[in-house]
Amino acid sequence: MDVGIGEYLALASILFGIGAMGFLTRRNFLIQLMSIEVMLNSVNVMLVAFNRYQPSNHDGQVFAFFVIAIAAAEAAVGLAIVISLFRLQKSVETDLPSALKH
Amino acid sequence: MSVWMLVSPLLMLGLGGLLVMLVDAFVDEKAELPILTAILLAVAGGVAAAGIVNYDNVALAGAPEYLTRYLAFDRFALFFDVVVCGGAALSALLAGGYLREHDLERGEFYILIIYAALGAMVLGHAIDLLTIFIGLETMSLGAYAMVAFRRTSARAVEGAVKYFLLGSFAAAILLFGSALLYGATGHTDLAGIGEAIEGGNASIKLVLMAMFMMIVGLAFKVSAVPFHMWTPDAYEGAVTPATTFMSVAVKSAAFAVMVRVLLTVFGDDLSASAASGWPPVIAGLAAITMVYGNLAAIGQSSVKRMLAYSSVAHAGYAMVGVVAAFRVEEIAVSSVLFYLMAYTVGNVLTFGALIWFGSNGREAVSYEDLAGAGRRHPLVALPFVIGVLTLMGFPPTAGFFAKYYVFNAAVQAGGGMIWLAIIGVLSSAVGAYYYLRVIVFLFMKEPQPGAPIAIPMRSGYVAFVMIIAGYFVMKMGITPGPYLDLAMSAAEQFVS
Amino acid sequence: MFAEYLPVFLLLLVAVGVAIFMFTMASLAGPKNMTPEKAIPYEAGSNTTGARHIRLSIKFYLTAILFVVFDIEAVFLYPWAAMFRRLGWQGLIEMVLFLAVLGVTLVYAWRKGALEWEK
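This is a predicted model, so every value here is computed, not measured.

Definitions and cut-offs
- Residues numbered from 1 in each chain as written.
- Chains lettered and ligands numbered in written order.
- Predicted model: local features only at pLDDT ≥ 70, side-chain atom pairs only at ≥ 80, totals over all residues.
- Helix = DSSP H or I, 4+ residues; strand = E, 2+ residues; numbered from the N terminus.
- Buried ≥ 20, exposed ≤ 12 C-beta atoms within 10 Å, placed from the backbone.
- Rg over C-alpha atoms; globule rule 2.2 N^0.38 Å.
- Contact = placed C-beta atoms within 7 Å.
- Nonpolar A, V, L, I, M, F, W, Y, C, P; charged D, E, K, R; others polar.
- Axes fitted to C-alpha atoms, helices over the stretch in contact; angles between N-to-C directions.
- Parallel < 35°, antiparallel > 145°, perpendicular 65-115°, else oblique.
- Left-handed = near helix turned anticlockwise from the far one by under 90°.
- Core = buried A, V, L, I, M, F, W, Y, C linked by C-beta atoms within 7 Å.
- Domains from an automatic or database assignment.
- pLDDT = per-residue confidence, 0-100.
- Expected span 1.5 Å × (residues − 1).

Some words on the overall build of chain C
- Broken down by element type, chain C carries five helices and zero strands.
- Secondary structure elements of chain C occur, N-terminal to C-terminal, as α-α-α-α-α.
- Across the 119 residues in chain C, those meeting the buried criterion constitute 3%.

Next comes the structure, spelled out in structure tokens:
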């Protein structure tokens, strides 16, 4: 089979969909964090694939590098928040009954 | 004058943030951090303001390519530098009073404010999908950490969890939209994308999907209904100076990028008309945001939560101006800019007054906490009264002209946009109820027997912020002309 | 051919039979008094403690956060190293600035005690 841009777009969309479904259906902070990482990485696949069809520049690949770096920063902040959450409720579930519900 | 003058606000915050980090790490006495941070931000904002005034004398033509390729140094961006720096400087001073009073003083807060403000400013300058994403994440990561700042409080952590998860999700959606735009057009710079779309060289299906995803991502950031779920929890859980910062700087920067993306990328006739493209989408969002924000604010018993819903409603009013921009660019964009400026000083004033009424261990959050406080401390209640009046849009305060200009822009746009102005006027009339309720509690109620009585904190920082913000609220309400001219000159470039 | 292996099979049979006989006789005829001492996994070793699922200390998370942040920055070093000659002095200066910023943040983390294991 000849792999063209359509296949890459399909792969990225499926990955993004898996991430989005995981984010929306699971209620464990760490799993939701991982789902967001899957979504960001699906974008990386897409950026690099699109860049193949723009041989004159490397904008897509550069973009992907920055996405990787920012995803790491996001994971760091997320892990810091999950530590605070765990210290308070001894669990990383995000839908426990809490102070903010009325 | 050199282009570096226009770049220097960004550089000052970037390097100044490192300086504050070193001071925080090596100096044990933390007393000077709020002042250092506020001076840094105020100087950066002042340089940006000087840049707007002397803009025509600046030689932009010879600017190095690595500066101008990803960031624009136009009046529009400098305007947001001023608004963001001003809001951040006042929030830092409020934090100086609040954190000390409530024994939360830690240096990280000021570093987070500086870098979140830097991210917000980059968003205002961004003319490339890459810098939009970097600016957005720099700003948001700082804001998430600021919400979680009081980490022993369940409310703060829960607000941060919601804000972080939904914010990151929104950023991922926006990023997917960006990648689609890049795939459809082969460009990451906004102008290049706009030209490719206008020239018909892009798959219209991909472009529409990308536009939809970018609007969803930005709607999260400005907390437009139905993407506002995180707003009340994050705003209520965060320490109040962080709430102030989020509601003014983060929101303004998100509007900056929304206006720039919609007008430069999707400004062609196909994407922007009364019946197709983004104007009907944003108009719908604006209408439900105004109605829902105001109705939900009525039912709140906590003033802080009420102000969170009020900030949702204000996002709706500003979006009315954004919608009108597809037809009357200059009037509409300048009305949005004026709105954000007036909203910044008004919101700082109101949140600052709420902070002022809290002393150690007794933070004022509910209406009941404020009962009778105005009669006991009229001088402290005065900024609160002016603050809610300007948020309500009562003349002669800044909020009145802000609302007047955005609704006027919708009327000027005509053809199918007038109903939006009517909804705006009606829903702000509804809003008068919960704003006036604050004044009623301040002056006409007595505290329940045995209930704790609000005692204002003693803080020169907070008092100073009240004077500055109060001055601008009244000044922009009595003589709005110069400020509107400033907004007009910043909006000029979008005239096609 | 099978005849050659017959003694091996017989031997196996006898061995299994003897084992079964001995276990059966022991359980039928032997005395049974169970003591807690006999129930533990290692009667003569040190006592085992804790649950099977060990929770890692939260301190690992802090280290992990710092690692993730500083490690990923290498993503910018590789492209720079690959293009070192073409980027020239400007590239070198930019990379030194980048690393200086990282250095300041590392100093900050160190002074704030984020690198201490025991806190």
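Description of the overall build of chain B
- Along its length, chain B carries 20 helices and zero strands.
- Relative to the 2.2 N^0.38 estimate, which gives 23 Å for 496 residues, the radius of gyration of chain B is 21 Å and therefore close to what a compact globule would have.
- Sorting the 496 residues of chain B into buried and exposed places 65% on the buried side.
- Within chain B, residue pairs in contact and separated by at least 24 positions form 81% of the contacts whose partners lie at least 6 positions apart.

Let's talk about the interface of chain B and chain A
- In this assembly, 30 residues from chain B lie in contact with 30 residues from chain A.
- The set of elements that each furnish at least two residues to the side of chain B that touches chain A consists of helix 6 (129–147), helix 7 (154–185) and helix 10 (230–237) of chain B.
- No other element matches helix 7 of chain B, which puts 17 residues into the side of chain B that touches chain A.
- When the residues that make up the side of chain B that touches chain A are grouped by side-chain class, the tally is 19 nonpolar, six polar and five charged.

So, the interface of chain A and chain C
- Counting residues at the interface gives 11 residues for chain A, matched by 11 residues for chain C.
- Grouping the constituent residues of the side of chain A that touches chain C by class yields 11 nonpolar, no polar and no charged.

Focus on the packing of helix 2 (residues 33–53) of chain B against helix 5 (residues 108–125) of chain B
Residue and element names in this part refer to chain B.
- The N-to-C vectors of helix 2 and helix 5 enclose an angle of 10 degrees; their axes lie 10 Å apart at closest approach. As judged from the angle between their axes, helix 2 and helix 5 are roughly parallel. The crossing of helix 2 and helix 5 is right-handed. Together, L33, P34, T37, L40 and L41 of helix 2 and Y110, I113, I114 and A117 of helix 5 make up the contact between the two elements.
- In terms of residue class, the contact of helix 2 with helix 5 is made up of eight nonpolar, one polar and no charged.

Thoughts on the nonpolar core
Residue and element names in this part refer to chain B.
- With 247 residues, the main nonpolar core has A117, V147 and V323 as its most contacted residues.
- Broken down by element, this core gets its largest block of residues, 20 residues, from helix 7.
- Excluding anything up to four places from it in sequence, V147 contacts A156, G159, A160, Y163, A234, G237, A238 and A242.

Comments concerning unusual backbone geometry
Residue and element names in this part refer to chain B.
- The linkage connecting V225 with the following residue, P226, adopts the cis geometry, with an omega of 5 degrees.
- Among the secondary structure elements, P226 is positioned in the loop between helix 9 (204–221) and helix 10.
- Omega for the bond connecting P395 with P396 falls within 30 degrees of zero, at 0 degrees, which places this linkage in the cis form.
- In this fold, P396 is placed in the loop between helix 16 (378–392) and helix 17 (398–413).
- Unusually for a residue other than glycine, S223 sits at a positive phi of about 55 degrees.
- By secondary structure assignment, the location of S223 is in the loop between helix 9 and helix 10.

Some remarks on the domain arrangement of chain C
- On domain assignment, one finds that chain C holds domain 1 (2–39) and domain 2 (59–111).
- Just the C-alpha atoms count here: the centres of domain 1 of chain C and domain 2 of chain C sit 67 Å apart.

As for the environment of I114 of chain B
Residues and elements named next belong to chain B.
- Tracing the backbone shows I114 in helix 5.
- Between the C-alpha atom of I114 and that of A89, which follows or precedes it by 25 residues, the distance is 8.8 Å.
- If we skip the residues at most four places from it in the chain, I114 touches L13, G16, G17, V20, T37 and L40.

Notes on the confidence of the model for chain C
All names here are of chain C.
- With 84% of its residues at a pLDDT of 70 or more, chain C has an overall mean of 83.
- The secondary-structure element of chain C with the lowest mean pLDDT is helix 2 (residues 36–39), recorded at 72, while helix 5 (residues 84–111) shows the highest, at 92.
- Both confidence scores are given for the complex: pTM 0.89, ipTM 0.94.

Here we look at the packing of helix 14 (residues 329–356) of chain B against helix 16 of chain B
All names here are of chain B.
- Following both chains from N to C, one finds helix 14 and helix 16 inclined at 145 degrees, their axes separated by 8 Å at the closest point. Of the two possible hands of crossing, helix 14 and helix 16 adopt the one that is left-handed. Touching G346, L349, T350, G352, A353 and W356 of helix 14 are V380, P383, F384, I386, G387, V388, T390 and L391, all from helix 16.

A look at the environment of F9 of chain C
All names here are of chain C.
- Within the secondary structure, F9 is located in helix 1 (residues 2–29).
- For F9, a count of 10 C-beta atoms within 10 Å corresponds to the exposed category.
- Taking the C-alpha atoms as reference points, F9 and F23, separated by 14 residues in sequence, lie 21 Å from one another.

Some words on helix 16 of chain B
Residues and elements named next belong to chain B.
- For helix 16, spanning 15 residues, the distance from its first C-alpha to its last is 20 Å, which sits close to the expected 21 Å at 1.5 Å a residue.
- Among the residues of helix 16, those classed as buried are V380, A381, P383, F384, V385, I386, G387, V388, L389, T390, L391 and M392.
- Elements in contact with the buried residues of helix 16: helix 13 (303–324), helix 14, helix 15 (373–376), helix 17, helix 18 (418–444) and helix 19 (460–478).
- Phi turns positive one or two residues past the end of helix 16, at G393, with a value near 90 degrees.

Notes on the environment of D81 of chain B
Residue and element names in this part refer to chain B.
- Tracing the backbone shows D81 in helix 4 (residues 75–101).
- C-alpha of D81 to C-alpha of Y339: the two residues are 258 residues apart in sequence and 15 Å apart in space.
- If we ignore the near neighbours within four places in the chain, the residues touching D81 are P9, G45, A48, M121 and G124.

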